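Structural characterization, general
One-letter residues, chain by chain:
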Amino acid sequence: MKKTFIALAVLLVAGCSGKNPYQPAAQALQSAVVTQSQTNKTQSPEQDKADQASAEQGNTIVRLHRADQWSVIPFERTCPLYVRVDGKLVAALQFNEYVDLRLVNGQRKVKVSLACTMTGRSAEAVIDANGTHQEYETDSNWYGQQRLWRTK
């Protein structure tokens, strides 16, 4: 009995030791740099280029991680979580994946929602992109509500 317990403990430790806590998202749909020109569509192309150049200098990197969790909803394991920045779809996350958003400094609205629901379960946060690295976590609670909160 003791040998069996030790063998199981060794297998458990060996199986868990090689895992990364999370991995980058495979579905990054488009650049997550949101510039002022994308919110103001009446600007000229020259102004758009100038805004893009200034955006490169005033970016904030925000890491958004979808937590790995057990779910009572059968389709949720295969259903991506859409990430929108200022209403623009930028990524689709599976469980235990993250995306690095490069946001132009200022107030940015980040919304996460499941792609496969008819009820529109979502969570959103207004992020103050101020040049400091930030990290956010998202998951679903037992009542099926999405949550989004800052961790760093």
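This text gives an overview of the structure that appears in the document. These numbers were taken from a predicted model, which means no experiment stands behind them.

With that settled, consider the environment of Gln69. Relative to the elements of secondary structure, Gln69 occurs in the loop between strand 3 (59–66) and strand 4 (81–85). In this view, Gln69 contacts Arg77, Phe95, Asp139 and Ser140; residues no more than four positions away in its chain are not counted.

Our focus in this paragraph is the pattern of salt bridges. Inspection of the entire model under this criterion finds 4 salt bridges. Between Arg63 and Asp100 there is a salt bridge, and its shortest N-O distance comes to 2.8 Å. In this pair, Arg63 sits in strand 3 while Asp100 sits in strand 6 (residues 97–104), placing the two residues 37 residues apart along the sequence. By relative accessible area, Asp100 is classed as partly exposed at 26%. Where Arg147 meets Asp139, a salt bridge forms, and the shortest distance between an N and an O atom there is 2.7 Å. Judged by its relative accessible area of 37%, Arg147 falls in the partly exposed class.

Regular strands place side chains that alternate from one sheet face to the opposite one. Of the two faces of strand 4, only one is covered, namely that formed by Leu81, Val83 and Val85; the face formed by Tyr82 and Arg84 stays uncovered. Linking strand 4 back to strand 5 (residues 88–93) in an antiparallel pair, the connection comprises 2 residues, with Asp86 at a positive phi of about 50°. Alignment of strand 4 against strand 7 (residues 106–114), held across 5 bridges, turns out to be antiparallel. Bridge pairing in strand 7 links Val83 to Val112.

The next point concerns a nonpolar patch on the surface. A surface patch of nonpolar side chains, about 560 Å² in accessible area, is lined by Trp70, Trp142 and Tyr143. Relative to the helices and strands, Tyr143 is located in the loop between strand 9 (134–140) and strand 10 (146–150).

Definitions and limits used
Residues numbered from 1 in each chain as written. Predicted model: local features only at pLDDT ≥ 70, side-chain atom pairs only at ≥ 80, totals over all residues. Heavy atoms only, no water. Helix = DSSP H or I, 4+ residues; strand = E, 2+ residues; numbered from the N terminus. Contact = heavy atoms within 4.5 Å. Salt bridge = Lys/Arg side-chain N within 4 Å of Asp/Glu carboxyl O. Buried < 20%, exposed > 50% of the residue type's maximum accessible area, 1.4 Å probe, protein only. Pairing = 2+ DSSP bridges. Patch = residues over 30% accessible without salt bridge, like charges linked within 9 Å, V, L, I, M, F, W, Y side chains within 5 Å. Areas by Shrake-Rupley, 256 points an atom, 1.4 Å probe, with all protein chains shown as cover.

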